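# Structural description and commentary
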Protein chains: 2
Amino acid sequence: MNLIILTADDYLNDNTVVLRDRRHQHLKQVLKRTTGETVQVGLRDGLMGEGTLISQSTEETQLQVVLTQAPPPPLPITLLLALPRPRMLARTLEHVTALGVKKLVLMQTARVEKSYWQSPELRPEKINQHLLQGLEQARDTRWPSIQQVQRFKPFVEDELPTISKGSRCLVAHPGMPTACPYALEEPVTLAIGPEGGFVPFEIEALQKQGFEGIHLGPRILRVETAVTALLSKLF
Amino acid sequence: MNLIILTADDYLNDNTVVLRDRRHQHLKQVLKRTTGETVQVGLRDGLMGEGTLISQSTEETQLQVVLTQAPPPPLPITLLLALPRPRMLARTLEHVTALGVKKLVLMQTARVEKSYWQSPELRPEKINQHLLQGLEQARDTRWPSIQQVQRFKPFVEDELPTISKGSRCLVAHPGMPTACPYALEEPVTLAIGPEGGFVPFEIEALQKQGFEGIHLGPRILRVETAVTALLSKLF
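Everything numeric here is computed off the predicted structure, so don't read it as measured data.

Here the focus is the sheet that holds strand 5 (residues 48–56) of chain A. All names here are of chain A. An order of 1-4-5-6-3-2 is seen for the six strands of this open sheet, with the pairing classed as mixed. Two strands close off the open sheet at either side, each with one partner strand: strand 1 (4–6) and strand 2 (11–13). The average angle at which neighbouring strand axes cross in this sheet is 40°, direction not considered. The pairing of strand 5 with strand 6 (residues 61–69) spans eight bridges and is classified as antiparallel. Bridge pairing links glycine 51 to valine 65 in strand 6. Strand contacts of helix 1 (residues 22–30): strand 1, strand 3 (16–19), strand 4 (38–43), strand 5 and strand 6, with the helix running at about 150° to strand 1, the strand carrying the most contacts.

It is worth spelling out the environment of Ala183(B) at this point. On the secondary structure map, Ala183(B) appears in the loop between strand 11 (178–179) and strand 12 (188–192). If we skip the residues at most four places from it in the chain, Ala183(B) touches Tyr182(A), Lys233(B), Leu234(B) and Phe235(B).

Taken together, the contacts link 29 residues of chain A with 29 residues of chain B. Surface buried jointly by chain A and chain B totals about 2,500 Å² across both partners, of which 55% is contributed by carbon and sulfur atoms. One can count four salt bridges joining chain A with chain B. Ionic pairing is found between Asp140(B) and Arg219(A), a salt bridge with its closest N-O pair at 3.0 Å.

We now examine the domain arrangement of chain A. All names here are of chain A. When the domains of chain A are assigned, the result is domain 1 (4–69) and domain 2 (77–234). A straight line from the C-alpha centre of domain 1 to that of domain 2 covers 34 Å. For the domain 1 and domain 2 pair, buried surface summed over both sides reaches about 830 Å², with 55% attributable to carbon and sulfur atoms. Interface area lost by domain 1 to domain 2 is led by Ile5, Arg22 and Arg44, which between them contribute 54%. Summed over the shared surface of domain 1 and domain 2, the result is one salt bridge. Note that glutamate 136 is salt-bridged to arginine 22, the shortest N-O span being 2.9 Å. The interface formed by domain 1 and domain 2 includes four residue pairs in polar contact (both at pLDDT 80 or more). If one sorts the elements of the side of domain 1 that touches domain 2 by residue count, strand 4 sits on top with three residues. Split into classes, the residues belonging to the side of domain 1 that touches domain 2 amount to four nonpolar, three polar and three charged.

Glancing now at helix 3 (residues 124–138) of chain B. All names here are of chain B. In this model, helix 3 (15 residues) spans 21 Å end to end at C-alpha, consistent with the 21 Å of a helix rising 1.5 Å per residue. All of the buried residues along helix 3 are Ile127, His130, Leu131, Gly134, Leu135, Glu136, Gln137 and Ala138. Where the residues of helix 3 are buried, they touch strand 1 (4–6), helix 1 (22–30), helix 2 (86–99) and strand 9 (145–149). Where helix 3 ends, the next residue or the one after it, arginine 139, has phi of about 60°, a positive value.

Another aspect to go through is the relation of the copies chain A and chain B. Each copy superposes on the other: chain A lies on chain B with an RMSD of 0.0 Å after a rotation of 180° and an axial shift of 0.0 Å. Here the two chains are linked by the operation of a two-fold rotation axis. Of every C-alpha in chain A, the one belonging to Lys233(A) sits nearest the axis of rotation, 2.5 Å from it. Looking at the interface residues of chain A, 100% of them are also at the interface in chain B, so both copies use one shared face.

Analysis parameters
Residues numbered from 1 in each chain as written. Chains lettered and ligands numbered in written order. Predicted model: local features only at pLDDT ≥ 70, side-chain atom pairs only at ≥ 80, totals over all residues. Heavy atoms only, no water. Pairing = 2+ DSSP bridges. Helix = DSSP H or I, 4+ residues; strand = E, 2+ residues; numbered from the N terminus. Axes fitted to C-alpha atoms, helices over the stretch in contact; angles between N-to-C directions. Contact = heavy atoms within 4.5 Å. Buried area = accessible area lost by both parts, 1.4 Å probe. Salt bridge = Lys/Arg side-chain N within 4 Å of Asp/Glu carboxyl O. Domains from an automatic or database assignment. Polar contact = N/O pair within 3.5 Å; in protein donor to acceptor, adjacent residues only side chain to side chain. Nonpolar A, V, L, I, M, F, W, Y, C, P; charged D, E, K, R; others polar. Expected span 1.5 Å × (residues − 1). Buried < 20%, exposed > 50% of the residue type's maximum accessible area, 1.4 Å probe, protein only. Least-squares fit on C-alpha atoms with pLDDT ≥ 70 in both.

Written out as structure tokens, the structure is:
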């Protein structure tokens, strides 16, 4: 936890917050902050700054906070990701949040097992926990938005043109002729398939919407490694 | 397991192998290959190709193998990595192996807890298991070499000049003035610190050996994410 993320509910008054949950425990037991010491804090979807510990009991910690600093810039990307298997989803959500993705679409594709959509990992409280951990890790306050898409074709044909408008559209898929480009300065919409890849129909549907195929070389990477590799090359 | 990795011990004769361990189980239970079907195979540190299933019992699978293809090219890098905490080490070994790192040095630094060196994760059989999983994932046969360095200063002063000779030397550290470069075509020696970073003395010692400081931006990434991000930008 490199940043304590605050919400409006934590405020006692204009510049004092009271924490009673895992943030209190973390300050007390891991960071071992005592009265007068400071810690980095940020308001969810708002500014970041410093909190000075003004009182602490076994039950709660009170901080006086001064927020002056903007969170780090988001990556200018919309990430369309075939729903990974549940254990991989958890880690992937943390990675992409830490890396600065703010718009994530989790999609059903032909090679995604339908049962994944029933996983407890897709419950809002579990997803939010991984997003929070990603933000706390990276020191960021802007909450990512996540859309879940269970019907690929109508999504790609009807919704994707609006979502991807004005961006460079890329689909990462083994065997595509072009290598992933580096250090882009334009907004990107990036589609990444499941383990086993997209099926030909899906690639064609994306290409019809202007998506350009790119590859990551001859090595087959796990989804979580491939996502980090692609985002790191692109930006 | 995208590649079944063979060793000399598996051979019955010039082109027939017999598998009795987890590879046999994987062929039978996960891939469900039957007689006449093929699977991708590779000889440890050697060529890759196809194996045709010629017989299978509950105990063993026999494959006729033809190896003709070179494994994917390694990344031209020597990676010096402050020893991560044990759970992170396991995943990091798989990531870097899958990405093509062949020379890895695990180092003690001031902010590495000394107890990490006693972890069961550092036993050769555990390390080899993660390297094998990385190679099986990425479809590669070249085994990475791992050096363990418990004394930072004599290593950097006495051994590192020979190791890094002829390569571009980089140290990734938050707050350095230069951003990580993209798509290098030269060999690289890259040093990555522990959670909490290198201490000033360590940075100075590396800079004295010609290491150039680079950063990954304002976000604080976990070691496993940072390693993948750095390797993906550099190559």
